[in-house]
Amino acid sequence: MVEKIAHKAVLIYPEFDTQDTFWSYSESLQMYASHGEYGLPKRLLPPLGLMGLFNHLKPYYEELCLIDKNVDPRPIAELIKEVDHVFMGGMLAQENNLLNDALEVKKAGKVLIVGGTAITAESPLMEIADHLVENEAEGVIDELLLGLTTGQAKKYYKGGFNQPEQFFQPDYTAINLQNYVHMAVQISRGCPESCEFCDIPSRFGKSYRVTPWEKTAESFQQMKRSGWTGPVFIVDDNFIANPRKALEVVKNLYKIGEDIAYHHPKYTELTLRLADQSPIMNDLRHWFRKANFINGFYGVETPNKASLIETKKQQNLRGESSLVEKLRFISEQTGGGVMMGMIYGFDHDTNDSVDEFIEFVNASHAPIVMAGLLNALPCTDLMIRLRKQGRVIQASSGNNSDGIINFIPYHFSAQQAEQNYLRILRGIYHPQAYFDRVMRHLQLIDPELQRSYRAENNSVRYLIKILSKKHAVIYWQFLPKAMKIARKRCGFNTPGYQAILAEYFSLCAQYTHFRSQLAVQQKNIAQRDYQDWQQLSWRDMQASLVS
């Protein structure tokens, strides 16, 4: 039996530094979704990392509480009154609020332990927190807890790459599920690819480590017992990093769904290798459909082949098919939709690349496109290279849709990069361009995959909101085309017809958010005061030195 460390601990997930991010869906959730228990809009996803830590800490404390400040507005001081220890965790995009909340905790005289991907040995939290954990906590957490008991806990712990059997098992009872629109589970860590801009291999290794399937089954069982039937985001950084192991995972997910008599709608992050013409990928595409994967987020990055080679994204260049053809083939084979991650600002990008970028996106059937400016993140080969060249301007905010480039681009200035970014957003989120992609999407998805969880999108109250609030004129304009597609594919007012229309209305709601993000970026960039050097490209700077 584990010895209790103290009476009570609170785990705090700080608010994101801004809700003006691609994945926040802040305006859409504010406008169309019911609010959470404290009157704030629901959030997309729960704090999965702290839910795992919560589960691990239960034997060590008589009382535990997890607070997500994104859904809970109560003051920190009120939340930690009777607390012995405070655990906090977060990402780079929460760094400012991590610091602010940490100061509040220490002002109250509490012992503070901080972890998460925002933590490095250079973090300003080193001056505030009592104890810090960098990288994976599973291998060092018990040493820290023992140190808290004996009074010999170290200031700083750096976790290594742990065996999957050690991975924290999230406890979904730690949160109120009704505060979120999607749930989350992590099955694997690590990626063997070598993309220059990505920090995953350095943070979590190149080896594809898979959670024992019994633990994954327990997560889905617990969600089902709690009444959760909505979408589940499998937050793996590259779900098919090891195709053979990934195939085992997908088959196990199907078995879990059969065992609990419900196949949760799922989506995940993966690469365009799923379009490869190989037996293993053919099997994966088959099982993706069976296991109810309704969507996938694909790191396409750029249509510029020279930029893909530059950033070592060779996997996107495999085979003879174009990127657009690969995306279409994936939807045809799996029945699921495709979301794209796109990046502008590589050294081989130019001002002329903007039109190529926009044309590529608008030739696809991906309504949802996360377009961002390239940023050099800590622990990446890109940061190492740019630091050596003297091109790094500032640390990244961790928000890849804030319209800021944190280094001096090669072919254009930082100011021009940000103007080009606005051109991209205007081009891909123009109503005609967006809804043309929506219609292609509706023609390709399998309505059977969408039926169960999209049913609520046909509620009268929800439809009234969509068709009477912001941008409603646009939604009415394209509705007849969506109805025509639904009728042609499934017949009038059949379950499939209703599923396609429900998907259309969901994408209308999401468009409200994307247009809001464009407006925010236009305002922010218009207000920026650029210094002289921010109006020069790296190429121009080097040329001026030579002359």
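Everything below is about the structure printed above this text.
Below is a summary of the structure that appears in this document. (Residues numbered from 1 in each chain as written. Predicted model: local features only at pLDDT ≥ 70, side-chain atom pairs only at ≥ 80, totals over all residues. Heavy atoms only, no water.)

Here's the deal with the packing of helix α7 (residues 213–225) against helix α8 (residues 243–260)
- Following both chains from N to C, one finds α7 and α8 inclined at 40°, their axes separated by 10 Å at the closest point. On the basis of their axis angle, the class for α7 and α8 is oblique. Read as a crossing pair, α7 and α8 show a hand that is right-handed. Here α7 contributes W213, T216, A217, F220, Q221 and K224 to the contact with α8, which in turn contributes N252, L253, K255, I256 and I260.
- Partitioned by chemical class, the residues of the contact of α7 with α8 number six nonpolar, three polar and two charged. (Axes fitted to C-alpha atoms, helices over the stretch in contact; angles between N-to-C directions. Helix = DSSP H or I, 4+ residues; strand = E, 2+ residues; numbered from the N terminus. Parallel < 35°, antiparallel > 145°, perpendicular 65-115°, else oblique. Left-handed = near helix turned anticlockwise from the far one by under 90°. Contact = heavy atoms within 4.5 Å. Nonpolar A, V, L, I, M, F, W, Y, C, P; charged D, E, K, R; others polar.)

Some thoughts on the sheet that holds strand β14 (residues 369–373)
- Taken in spatial order, the six strands make up an open sheet running β7-β10-β11-β12-β13-β14, and their pairing is parallel. Edge positions in the open sheet fall to β7 (183–185) and β14, since each of these has one partner strand only. The sheet shows a mean angle of 20° between the axes of neighbouring strands, taken without regard to direction.
- Alignment of strand β10 (residues 232–234) against strand β11 (residues 266–270), held across three bridges, turns out to be parallel. The partner of I234 across the bridge, within β11, is T268.
- Across the sheet, helix α14 (residues 414–428) touches β13 (337–344) and β14, and the angle it forms with β14 is around 170°. (Pairing = 2+ DSSP bridges.)

A word on the pattern of salt bridges
- Enumeration over the complete set of coordinates arrives at 21 salt bridges.
- Taking the shortest distance from any N to any O, the salt bridge between R209 and E136 comes out at 2.5 Å. Taken together, the positions of R209 in strand β9 (residues 209–210) and E136 in the loop between β5 (131–134) and α5 (141–150) put the pair 73 residues apart, joining distant regions of the chain.
- Note on R209: relative accessible area 9%, which makes it buried.
- Among the ionic contacts, a cluster of salt bridges with common partners joins E196, E310, D347, R385 and R391. (Salt bridge = Lys/Arg side-chain N within 4 Å of Asp/Glu carboxyl O. Buried < 20%, exposed > 50% of the residue type's maximum accessible area, 1.4 Å probe, protein only.)

Some details on the nonpolar core
- Ranked by size, the top nonpolar core spans 146 residues in total, and within it Y61, F239, L253, F435, Y475 and Y504 carry the most contacts.
- Of the residues forming this core, the biggest block, 12 residues, is contributed by helix α19 (residues 495–526).
- Ignoring any residue separated from it by four or fewer positions in sequence, one finds Y61 in contact with K4, I5, A6, H7, K8, A9, H85, F87, L145 and L148.
- Counting 21 residues, the second largest nonpolar core, distinct from the first, contains I12, L98, L99 and L112. (Core = buried A, V, L, I, M, F, W, Y, C linked by side-chain atoms within 4.5 Å.)

Re helix α9 (residues 279–290)
- With 12 residues, α9 should cover 16 Å at 1.5 Å per step; its first-to-last C-alpha distance of 17 Å lies within 8% of that length.
- Looking at the buried residues of α9, the elements they touch are α8, β11, β12 (293–301) and α11 (323–334).
- A positive backbone phi angle near 70° is found at N292, which sits one or two residues after α9. (Expected span 1.5 Å × (residues − 1).)

Looking at the packing of helix α18 (residues 472–490) against α19
- Where α18 contacts α19, the two axes come as close as 9 Å, and the packing angle between them is 155°. Taken together, α18 and α19 sit at an angle that is classed as roughly antiparallel. When the axes of α18 and α19 are compared, the crossing they make is right-handed. Across from I474, Y475, F478, L479, A482, M483, A486, R487, R489 and C490 in α18, the residues of α19 making contact are G496, Y497, I500, L501, Y504, F505, C508, Y511 and T512.
- Here the contact of α18 with α19 is composed, by residue class, of 15 nonpolar, two polar and two charged.

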